[in-house]
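# Structural overview
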Amino acid sequence: MSTQEPMIADTGALFQIAEPTGRQATPRAPGRGIGIDLGTTNSLVAVAPHGEAPRALRDASGRALLPSVVSYVGDDVVVGYEAMAAQEEHSCAVISSVKRFMGRGIADVTWPHPYRLVSASGGGELFRVDVGGGRLVTPVEVSAAVLRALRERAEAVMGPVDGAVITVPAYFDDAQRQATRDAGKIAGLKVYRLLAEPTAAALAYGLDRGGRGLFAVYDLGGGTFDVSVLRLHDGVFQVLATGGDSALGGDDLDRALAAYLFTAGGHEGAPSRHQQELLRIAARAAKEALSERESVRVSVAACGIEGFEVRRETFEGLIDGLIERTIRACRATLRDAGVQPRELDGVVLVGGSTRTPLVRAAVARTFGKHPLADIDPDKVVAYGAAIQADVLSGSAREGVTLLDVAPLSLGIETMGGMVEKIIPRNAAIPIAARQVFTNYSEQQTGMQIHVVQGEREMAGECRSLARFELRGIPRLPPSMARVEVSFQLDADALLTVTARELMTGVRQSVEVKPTYGLNDEEIDRMVIESLDHASEDFAARSRAEARVELGRVVLAVRAALAEVGGLPGVLPAAERSAVEMQLTLADEAMAEPQSAADMLTLLRNQLERASEPFARRRMERALRAGMEGKSLHEIEQALAVEEAALDERRGAHSAETIEG
């Protein structure tokens, strides 16, 4: 049975950043790339071939927007307006707002919905939707149906499509991004890249205006909210910080109004699934009407509501708390970017829900300026995606560089349960970073890599992404082995982790593809709790570091005692007694989980002082044995090598490993 041993990080090459090597590109057809805004409520496809201005592609009826609704009534799969027409009668077999389900586990779905969710065989994390007739579909399949309809629309206009840029919320995690990429593949699309929605909007505005300066993008879509701060300069779009809420959007505004309507209709308890869907449809129509009018009358026969008047101020009172959540995220993102509202050159509105007057007023008040909305907020994201798709297809368009950021820090668990962050939050991507670890004991021949995502100092408070093992580390004295751990985060924020032993070249890598996503508020919780718990996190980290360092000294002293402690003249009885007493005190302190860092450090210092004469005599003995029969030059070279090795080992961190 394997035992776990610690390893130590070589801080000599703590954080080296290099541009990752690009994958071998396949030939692309210039001008045949498309941009897709895969939205919660509506989706659309746009093109900007050969440097032209972007335009949305329309269906045979002249409509640019495609409702993100898929019907599984009967044998055929129907998407869009025709699917919406079947919603009232077949609410369980017609799926809408599927974007909120992407990359999530069944336990994460806590919001009201009319669907029957079924755990996938083999585990309770993945799930399918039971649409009747014995048919089960995954959220990825539903999204793929929407993407396929958009691909077919594009092909009807421009012929074969070479590839696509698909937009995702900036706050989508690895699982949600991977689910979106998989949906694109199922839909028959070559996915050039995934592009953050705020970055796409900035790209559209920047090229349209020849813009330079500092901008905020406020994106309130159907199912998600994002806010980003970007710097635009000479074709370079750099995301300085991003924030938001992956479980807040126009759907929540609709639900707030739907709940009010149900209560106003004289009902108690909870509506049925069928009533939920009818109320949601009526609430969405009322919300859209209230963007232009002061009042609207609503009728939902199945709920006994007939001609009920809803005034704008009533609706605003219902959603005020939700809009305030978006404003708090805006303030936090500005702090992350180190930017004051007065420094911004503009605020861009994205998403259909930004047509709500209360939203526009809150944005203007928070940022101190009237927001930009002269590009249709429903289309601006697709326009940016189309521009980027044209660039990636190889068209002769003026060069554009997108510097997106990682939404959360990425690192590995180290000895003591600490996190060594290798790629920090808001680092520009694509990015590659590496760190070198070394061995703690000469007995270990393997290392377990635990990849985590989050802002807390302890791994238990972060999200686990992947685990894998590296075996074949040679048996070497402590701090002599070298294991390089590399993180590569590509332009889609998808992660590959590689561990390589530098002496033998043995390596192991994993593409981090989690099977389900964070729950509704976990990303926000990670960031907020990293601030709320900063002092206790650092205290816990200090305790863990002190415990690891004390354990390292205890292990080294015990190994030395076992090796030469019994030889005459090396360790007198009185010294041995003092050393063993300090070892006992160290063991007792390490057995207590809440031992203070100061106490552990004090015990380490006392143990080092008690064992110092012994260590000095042991070293002198080893040197005398090593110098026998050698010249002065050979001795000087050996001492130089030993000093260099000692320098490398100073100030190191530790990582969890396994013995092979």
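## Re the overall build of the chain
Check the secondary structure of the chain and you find 14 helices and 31 strands. Buried residues in the chain amount to 54% of all 660 residues. Restricting the contact set of the chain to residue pairs at least 6 apart, pairs at least 24 apart contribute 70%. Only carbon and sulfur atoms are counted for the fraction: they give 51% of the accessible area of the chain, which is about 28200 Å².

## Things to note about the pairing of strand β19 (residues 305-311)
Here five bridges tie strand β18 (residues 295-300) to β19, and the two strands are oriented antiparallel to one another. When the sheet's bridge partners are listed, Ser295 is paired in β19 with Arg311. Here β18 folds back onto β19 in antiparallel fashion, the turn holding four residues, of which Gly304 has a positive phi close to 70°.

## A few points about the pattern of salt bridges
Applying the stated criterion across every chain, the model contains 22 salt bridges. As a salt-bridge pair, Asp245 and Arg325 come within 2.5 Å of each other at their nearest N and O atoms. Of this pair, Asp245 sits in strand β17 (residues 236-245) while Arg325 sits in helix α7 (residues 312-337), placing them 80 residues apart in sequence. On the basis of relative accessible area, Asp245 is assigned to the buried category, the value being 7%.

## Quick word on the side chain of Ser143
Among the structural elements, Ser143 can be located in helix α2 (residues 139-158). Of the residues examined, Ser143 reaches a relative accessible area of 2% and is grouped as buried. Ignoring any residue separated from it by four or fewer positions in sequence, one finds Ser143 in contact with Leu38, Val98, Met102 and Ala183.

## Looking at the packing of aromatic side chains
Within the structure shown, the criterion is met by four aromatic pairs. Between the aromatic rings of Phe101 and Phe127, the centroid separation amounts to 6.2 Å while the plane-to-plane angle is 65°, which identifies the pairing as edge-to-face. One end of the pair, Phe101, is in the loop between β9 (94-96) and β10 (116-119); the other, Phe127, is in strand β11 (residues 127-132), with 26 residues separating them in the sequence. Given a relative accessible area of 5%, Phe127 falls into the buried group.

## A few points about the nonpolar core
Membership of the largest hydrophobic core comes to 47 residues, with the highest contact counts inside it found for Tyr218, Ile323 and Leu344. In terms of residue count, α7 provides more of this core than any other element does, nine residues in total. Other than its neighbours up to four places away in sequence, Leu344 contacts Leu214, Phe215, Ala216, Val229, Leu334, Val339, Phe367 and Lys369.

## A short note on empty space enclosed by the protein
Counted according to the given criterion, the structure contains four cavities of 30 Å³ or more. Around the second largest cavity sit Leu38, Lys99, Met102, Ser143, Thr167, Val168, Pro169, Phe172 and Thr180, which together line it. A class-by-class count of the residues in the lining of the second largest cavity yields five nonpolar, three polar and one charged.

## Quick look at α7
Helical periodicity: at 3.6 residues per turn, an α-helix aligns residues three or four positions apart in one direction. Taking 1.5 Å per residue, 26 residues should reach 38 Å; α7 reaches 35 Å between its end C-alpha atoms and fits that length. At Ile319, α7 shows its largest kink, close to 50°. Taken as a whole, α7 has its buried residues at Arg312, Phe315, Ile319, Leu322, Ile323, Thr326, Ile327, Ala329, Cys330, Thr333, Leu334 and Ala337. A positive backbone phi angle near 70° is found at Gly338, which sits one or two residues after α7.

## Regarding the sheet that holds strand β23 (residues 418-423)
Reading across the sheet, the four strands line up as β23-β22-β26-β27 and stay open at both edges, with antiparallel pairing between neighbours. A strand with exactly one partner marks an edge of an open sheet, and here the two such strands are β23 and β27 (463-471). Averaged over all pairs of adjacent strands, the angle between strand axes in this sheet comes to 30°, irrespective of strand direction. When strand β22 (residues 410-414) meets strand β26 (residues 446-453), the two strands line up antiparallel, connected through three bridges. Bridging across to β26, Ile412 finds its partner in Val451.

## Things to note about the environment of Leu248
Positionally, Leu248 belongs in the loop between β17 and α5 (250-264). With sequence-adjacent residues up to four places away left out, Leu248 is seen in contact with Arg100, Leu220, Gly223, Thr224, Phe225, Leu322, Arg325 and Thr326.

## Focus: the sheet that holds β11
Within the open sheet, the three strands sit side by side as β10-β11-β12. Their pairing is antiparallel. Both outer strands of the open sheet, β10 and β12 (135-137), are each paired with one neighbouring strand and no more. Sheet twist, expressed as the mean angle between neighbouring strand axes with direction ignored, is 45°. Here β11 pairs with β12 via three bridges, running antiparallel. Residue Gly132 lies in a different strand from β12, and its bridge partner there is Arg135.

## Some points on the confidence of the model for the chain
A low pLDDT score tells you not to read the predicted coordinates there in detail. For the chain, the average pLDDT comes to 78, and 77% of its residues sit at 70 or higher. For the stretch residues 1-25, pLDDT sits under 50, and the model shows 84 contacts to residues farther than four places along the chain or on other chains.

## Re the packing of α7 against helix α8 (residues 357-367)
At a minimum axis distance of 9 Å, the contact between α7 and α8 shows a crossing angle of 35°. Between α7 and α8 the crossing geometry is right-handed. Together, Arg312, Glu316, Ile319, Asp320, Ile323, Ile327, Cys330 and Leu334 of α7 and Pro357, Leu358, Val359, Ala362, Val363, Thr366 and Phe367 of α8 make up the contact between the two elements. Each residue belonging to the contact of α7 with α8 can be placed in one class, and the counts come to eleven nonpolar, one polar and three charged.

## Comments concerning the environment of Val161
Summarising the element assignment, Val161 is placed in the loop between α2 and β13 (163-168). Under the relative-accessibility criterion, Val161 is labelled buried at 17%. In contact with Val161, other than residues within four places in its own chain, are Arg32, Ile34, Arg151, Ala154, Glu155 and Leu189.

## Notes on unusual backbone geometry
Although it is not a glycine, His50 adopts a positive phi angle of roughly 55°. As for its placement among the helices and strands, His50 is situated in the loop between β4 (42-47) and β5 (55-56). The class for His50 is exposed, based on a relative accessible area of 51%. Despite not being glycine, Ser97 shows a phi value in the positive range, around 55°. Tracing the chain through its elements places Ser97 in the loop between β9 and β10. On the accessibility criterion, Ser97 (10% relative accessible area) is buried.

What counts and how
Residues numbered from 1 in each chain as written. Predicted model: local features only at pLDDT ≥ 70, side-chain atom pairs only at ≥ 80, totals over all residues. Heavy atoms only, no water. Helix = DSSP H or I, 4+ residues; strand = E, 2+ residues; numbered from the N terminus. Buried < 20%, exposed > 50% of the residue type's maximum accessible area, 1.4 Å probe, protein only. Contact = heavy atoms within 4.5 Å. Areas by Shrake-Rupley, 256 points an atom, 1.4 Å probe, with all protein chains shown as cover. Pairing = 2+ DSSP bridges. Salt bridge = Lys/Arg side-chain N within 4 Å of Asp/Glu carboxyl O. Phe/Tyr/Trp six-rings, centres within 6.5 Å; stacked < 30°, edge-to-face > 60°. Core = buried A, V, L, I, M, F, W, Y, C linked by side-chain atoms within 4.5 Å. 1 Å grid on protein atoms, 1.4 Å probe; cavity = no way out; pocket = protein on both sides within 12 Å on 5 of 7 lines; lining within 4 Å. Points joined across faces, edges and corners; volume = space filled by probe spheres on them. Nonpolar A, V, L, I, M, F, W, Y, C, P; charged D, E, K, R; others polar. Expected span 1.5 Å × (residues − 1). Bend = angle between axes of the 7 residues up to and from the residue. Axes fitted to C-alpha atoms, helices over the stretch in contact; angles between N-to-C directions. pLDDT = per-residue confidence, 0-100. Left-handed = near helix turned anticlockwise from the far one by under 90°.

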